Amino acid sequence: MSVLTGFSVTLTEGKISFESDLALSGFQVERYEVLGFHGVGILNRTLVCNQTEAQTAIASITDSPAQIGQSLRGSVAVLIRDLWHNHIHLLADPFGGCMVQHFESNGIDIYASDLETLKRTVALHGLKLEKNLAYIMSVSLIGNGGLTESPFKNVRVLEQFSFVSFDNTRFKECKYPQFNELTSPDVPIEEAIDQFLEDVSININAASRYQSRRKISQLTGGIDSRMVLAGLVGAGKAQEFSYFVGGAEDSLDVMTARNVCATLDLIMTRYDGVDRAIRPAGIDELTWSLHETNGVLQGPADPGLASNENLILSGGYGEFLRSFYAKGRHPELSSPFSTFVGTFGNYGIGDSDTRGFWNRSFVEETGSRLQGLIANFADFGINGAAQLDYLYVATRNRYYVGEISRSMSRFTNRFDPLYSPALVVIMNHSSMADRDSGELQLEILHRMAPTLLSIPFDTPRFSKDFATRFRIEMQPTRTGHAPRFDGRSNRIPLRPTGVLPLPDSGLLKSQALKVNMPYHALKEAQYAKDLISRELVNGLDDEFRQYFNMDELQGYLKSPVKWRPQIRLLRRLGSNIAWFTS
């Protein structure tokens, strides 16, 4: 497990210094000394979860820093000293799942593996980071960061496929050579699929070799976690893991995952691998995760978690093989507004006849930034049919999937074995129709473990023509045949003394059943709605008001909590405002 909180490098007045929580000694190294490590990931075909393991993995390597960096897999960053040339290199994983932060002010440049370390290092220079309202409003509007870089002003995020090199007096941001290869039109898609399968095999085998207290693989009714399972089955490692699915007993996810495990005789668990010391209550139920990620994400990591030595496999990178934003469409670039609405929809925005509660100028500004990103993708070599799907790679994947794994690495060892830069080539050279239908991912899954396609998913995933072409005969659901369980479950800790949870509501409980959402989500949405009404409408200044049409917002906040888009928006907006004003 990663016990470090991160590392940083500072350049000021022509002098370089670094901060790290652990100084290693006693290692015999060929070329590289590890000065800092953050996250969980693959280094030199080995799963590493702390600085000592990183030094062991890199001890005999003589490859160039760029070669080492572009071979990283997972949300991970490593700071190394090249003893041959006396240079320091900050290497980030190619997709930037571990988002390296850069602060610049008054002749001081600071690079850090995470925002918490950046805040601490900035404070050593008598400075303080200022929260960025534009970021939290952008996240509230679209659901994730990326169109606005950071929750703090004067902070930018290192670009994907990049690393930073330092000599004695200066630094330089460099691109991994791999990036030009990934976006080249000359790489055959078949070669890229082979490389993806090889990467998954390397990742799975590294996870198998890693000595951990417990090994758990997440399993739902969908295709991404099934693809992780396919990697385990194909490598002969499936029996080494237990399988966890969250949700209500009668949910499709739970019933489908249990059927998969019963069919393959895999052991399930009611323990998700994450330990908790304290349960949040009241306002903490909205903001704790934002305090843990410093405003980046409202996710599963929060200060109430406890550290453990487990290994948890997830499957978020499978989304690269489908169509998250495009949905069969090319970008609509006729105006910033149409680009935004064509990509993210018009919920809360209105149309030519009605005004929504989001200020149109704010939406158009966001649309302009979106157009700028799409233009950059074209310059990179991403073809028009893949540009909206690459938007997922550049924004949501980093600020959601990547950040979840990075932030959880402080508490447990979470890793996604589907991580492979070859996914960019597959996306760029596959047809929009194959991504949108999901058949591209299904074809690759068939190569990994064809029997898994014959076990039902939560919903039908392929056509009769696809089933005929790949000779798939669906197995019946094994009703009355329950999978085995390991007997473990999560311990539910007490809340802090004197702190009350959010109030219960019979009305919200019944509404949660109607919209098929967790009851706690509706409780949080109701609390957030009350908070927004109190803070935003009545108490906050014009800086906030520039993002909203206030009359329409007040009307929106009078509506009862009862539908999915509203619940999601209220939770995002309420939690972000509470974090910003804390």
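Above this text you will find the structure in question.
Now for a quick tour of the structure.

## What to know about helix H10 (residues 336-344)
- Buried within H10 we find Phe337, Ser338, Thr339, Phe340 and Thr343.
- The positive-phi residue at the C-terminal boundary of H10 is Gly345, with phi of around 90°.

## Topic: the sheet that holds strand S3 (residues 32-39)
- Pairing within the open sheet is antiparallel, and its five strands lie in the order S3-S6-S7-S11-S12. The outermost strands of the open sheet, each flanked by one partner alone, are S3 and strand S12 (171-175). Going from strand to strand, the sheet's axes swing by 20° on average, the running direction of each strand aside.
- Across seven bridges, S3 lies against strand S6 (residues 76-82) in antiparallel orientation. Counted as the bridge partner of Gly36 is Leu79 from S6.
- Lying on the sheet, helix H1 (residues 51-58) is in contact with S3 and S6; it crosses S3 at an angle near 135°.

## Brief notes about the packing of aromatic side chains
- Per the stated rule, a full pass over the model turns up 31 aromatic pairs.
- With a centroid separation of 4.6 Å and 35° between ring planes, the pair formed by Phe466 and Phe470 is classed as tilted. Across the pair, Phe470 and Phe466 agree in class, each one buried.
- Seen from the ring of Phe457, Arg226 lies directly overhead, with NZ or CZ sitting 3.9 Å from the centre.
- A cation sits over an aromatic face here: Arg396 above Tyr400, 4.5 Å from the ring centre.

## Overview of the nonpolar core
- Ranked by internal contacts, the top residues of the largest apolar core, which has 163 residues, are Met137, Phe196, Trp358, Tyr390, Ile444 and Phe548.
- Of all the elements, helix H12 (residues 387-408) adds the most residues to this core, at ten residues.
- Those residues within four positions of Met137 in sequence are excluded, and the remaining contacts are Trp358, Phe362, Phe544, Tyr547, Phe548, Leu573 and Ile577.

## Quick word on the pairing of strand S13 (residues 215-218)
- As judged from the three bridges shared by S13 and strand S18 (residues 311-313), these two strands associate in the parallel manner. Opposite Ser217, over in S18, you have Leu313 as the bridge partner.
- In terms of strand pairing, S13 meets strand S14 (residues 242-244) through three bridges, oriented parallel. Its bridge partner lying in S14, Gln218 is registered against Phe244.
- Once you follow S13 into helix H7 (residues 224-234) and on to S14, the crossover reads as right-handed.

## Side note on the side chain of Glu439
- With respect to the helices and strands, Glu439 occurs in helix H15 (residues 439-448).
- Residue contacts for Glu439: discarding those within four places in its chain leaves Asp434, Ser463, Phe466 and Arg469.

## Points about the sheet that holds strand S1 (residues 7-12)
- An order of S2-S1-S9-S8-S10 is seen for the five strands of this open sheet, with the pairing classed as antiparallel. A strand with exactly one partner marks an edge of an open sheet, and here the two such strands are strand S2 (15-20) and strand S10 (155-157). Pairs of neighbouring strands in the sheet enclose a mean axial angle of 20°, with direction left out of account.
- Relative to strand S9 (residues 108-112), strand S8 (residues 101-105) runs antiparallel, the two being bridged by five bridges. Within S9, the residue paired with His102 across the bridge is Tyr111.

## A short note on the packing of H10 against helix H11 (residues 360-380)
- At a minimum axis separation of 7 Å, H10 and H11 run at an interaxial angle of 80°. It follows that H10 is roughly perpendicular to H11 by the angle criterion. Contact residues: H10 offers Pro336, Phe337, Thr339, Phe340, Thr343 and Phe344, while H11 offers Arg360, Val363, Glu364, Thr366, Gly367, Ser368, Leu370, Gln371 and Ile374.
- When the residues that make up the contact of H10 with H11 are grouped by side-chain class, the tally is seven nonpolar, six polar and two charged.

## Considering the packing of helix H4 (residues 133-142) against helix H21 (residues 564-581)
- Where H4 contacts H21, the axes come no closer than 8 Å and their chain directions differ by 165°. Comparing the axis directions of H4 and H21 gives the class roughly antiparallel. By crossing handedness, the relation of H4 to H21 is classed as right-handed. Residue-level contacts link Leu133, Ile136, Met137, Val139, Ser140 and Leu141 of H4 to Leu569, Arg572, Leu573, Asn576, Ile577, Trp579 and Phe580 of H21.
- When the residues that make up the contact of H4 with H21 are grouped by side-chain class, the tally is ten nonpolar, two polar and one charged.

## A short note on the environment of Gln55
- Locating Gln55 in the fold gives a position in helix H1.
- Along the sequence, Gln55 and Gln28 sit 27 residues apart, while their C-alpha atoms lie 9.6 Å from each other.
- Engagement of the side chain of Gln55 in a polar contact is seen with the backbone oxygen of Tyr32, the distance being 3.2 Å.

## A short note on the pattern of salt bridges
- In total, this model carries 24 salt bridges according to the counting rule given.
- Ionic pairing is found between Asp224 and Arg322, a salt bridge with its closest N-O pair at 2.6 Å. Residue Asp224 is found in helix H7, and its partner Arg322 is found in the loop between S18 and H10; the two are separated by 98 residues along the sequence. As far as burial versus exposure is concerned, Asp224 and Arg322 are alike and both buried.
- Close ionic contact of Arg410 with Glu292 constitutes a salt bridge, the shortest N to O distance being 2.9 Å. Of this pair, Arg410 sits in the loop between H12 and strand S19 (413-415) while Glu292 is found in helix H9 (residues 284-293), placing the two residues 118 residues apart along the sequence.
- Salt bridges here are not isolated pairs; linked through shared partners, they connect Asp224, Glu319 and Arg322.

## Side note on the state of the cysteines
- In total, this model carries zero disulfides according to the counting rule given.
- Just so you know, Cys49 is unpaired, no disulfide at all, and the nearest cysteine sulfur is the one on Cys98, 13 Å from it.

## Section: the side chain of Ser454
- Tracing the backbone through its elements, the reader meets Ser454 in the loop between H15 and helix H16 (464-469).
- Here the side chain of Ser454 touches Thr451 through a polar contact of 2.6 Å, landing on its backbone oxygen.
- Among all residues touching Ser454, those that are not within four sequence positions of it are Ile472, Glu473, Met474 and Gln475.

## Notes on unusual backbone geometry
- Although it is not a glycine, Glu13 sits at a positive phi angle of roughly 55°.
- Tracing the sequence through the fold places Glu13 in the loop between S1 and S2.

Definitions and cut-offs
Residues numbered from 1 in each chain as written. Predicted model: local features only at pLDDT ≥ 70, side-chain atom pairs only at ≥ 80, totals over all residues. Heavy atoms only, no water. Buried < 20%, exposed > 50% of the residue type's maximum accessible area, 1.4 Å probe, protein only. Helix = DSSP H or I, 4+ residues; strand = E, 2+ residues; numbered from the N terminus. Pairing = 2+ DSSP bridges. Axes fitted to C-alpha atoms, helices over the stretch in contact; angles between N-to-C directions. Contact = heavy atoms within 4.5 Å. Phe/Tyr/Trp six-rings, centres within 6.5 Å; stacked < 30°, edge-to-face > 60°. Lys NZ or Arg CZ within 6 Å of the ring centre and 35° of its normal. Core = buried A, V, L, I, M, F, W, Y, C linked by side-chain atoms within 4.5 Å. Right-handed = clockwise from strand over helix to strand, strands pointing away. Parallel < 35°, antiparallel > 145°, perpendicular 65-115°, else oblique. Nonpolar A, V, L, I, M, F, W, Y, C, P; charged D, E, K, R; others polar. Left-handed = near helix turned anticlockwise from the far one by under 90°. Polar contact = N/O pair within 3.5 Å; in protein donor to acceptor, adjacent residues only side chain to side chain. Salt bridge = Lys/Arg side-chain N within 4 Å of Asp/Glu carboxyl O. Disulfide = S-S within 2.5 Å.

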